[in-house]
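Spelled out from the first residue to the last, the chains are:
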Amino acid sequence: MNDPRDFIAHEAALLDERRFDDWLALFADDGHYWVPLLGAAQADPFSHNSLAYEDRLLLQLRVERLKNPRAHSQHPASHSQHVLQPSRIEEEAADEVRLRTPFLYVEARGDDQILLSGIARHHLIRTPTGWSIREKRIDLLNATRALPAIQLFI
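Source: prediction; values computed, not measured. (Residues numbered from 1 in each chain as written. Predicted model: local features only at pLDDT ≥ 70, side-chain atom pairs only at ≥ 80, totals over all residues. Heavy atoms only, no water.)

1. Observations concerning the packing of aromatic side chains
Reasoning step 1: This structure, assessed with the given rule, holds 7 aromatic pairs.
Reasoning step 2: Summarising the aromatic geometry, the rings of F20 and F153 are spaced 6.1 Å apart at their centres and angled 65° between planes, so their arrangement reads as edge-to-face. With F20 in helix α2 (residues 20–24) and F153 in the segment after β7 (130–140), this residue pair connects regions lying 133 residues apart in the sequence. Judged on exposure class, the residue F20 and its partner F153 are both buried.
Reasoning step 3: Members of the aromatic cluster, connected to one another through ring pairs, are F20, W23, F27, Y33 and F153. (Phe/Tyr/Trp six-rings, centres within 6.5 Å; stacked < 30°, edge-to-face > 60°. Helix = DSSP H or I, 4+ residues; strand = E, 2+ residues; numbered from the N terminus. Buried < 20%, exposed > 50% of the residue type's maximum accessible area, 1.4 Å probe, protein only.)

2. With respect to the nonpolar core
Reasoning step 1: Counting residues in hydrophobic clusters, the biggest one holds 31 residues, and the most contacted among them are W23, Y33, L124, I138, L140, F153 and I154.
Reasoning step 2: Mapped by element, the contributors of at least two residues to this core are α1 (4–16), α2, β1 (27–36), α3 (56–67), β5 (96–109), β6 (112–127) and β7.
Reasoning step 3: With residues up to four places along the chain from it excluded, the contact list for L140 reads V35, G39, L51, F103, L116, S117, G118, L147 and I154. (Core = buried A, V, L, I, M, F, W, Y, C linked by side-chain atoms within 4.5 Å. Contact = heavy atoms within 4.5 Å.)

3. Some details on α3
Each full turn of the α-helix corresponds to 3.6 residues, which orients residues three or four apart in the same direction.
Reasoning step 1: Compared with an ideal rise of 1.5 Å per residue, which puts 12 residues at 16 Å, α3 spans 16 Å between its outermost C-alpha atoms and is within 8% of the ideal.
Reasoning step 2: What α3 keeps buried is the set L59, R62, V63 and L66. The buried residues of α3 all sit within an arc of 100° when viewed along its axis, so they share a single face. Exposed side of α3, more than 90 degrees from the buried face: L57 and L61 are the residues found there.
Reasoning step 3: Where the residues of α3 are buried, they touch α2, β1 and β2 (50–55). (Expected span 1.5 Å × (residues − 1). Arc of directions from axis to C-beta.)

Encoded structure:
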């Protein structure tokens, strides 16, 4: 998969198919998943709280929790659907690229369903095996409002 825009669509499909281990494998060793509390207005994850700022270890722990049959929050299991607009390359160098992807995200569990929208920003690096995620940043539209519990990865 040479085109990084195809990589973004593949990443979302893995999440929607609940293939969390395969999704986690897309992250570089120094990769991070970040959902700023202030959305696009937040410059970094250190000067203000975030909804999530997770390295590979924390992501692995979340994946293990989601797969655990005793995880109370997953009875019934949550399911997601990512609806992506075409990704736009914002910066590109020989071995890295930054993309911007507007999205709608639906998460359903039992009779409950939530809808979120925003911009996904990916910083990808090229490795010998293909693209890897150095950072995935989710800028939610109206991020500062009260949000329901999000069980999966946006």
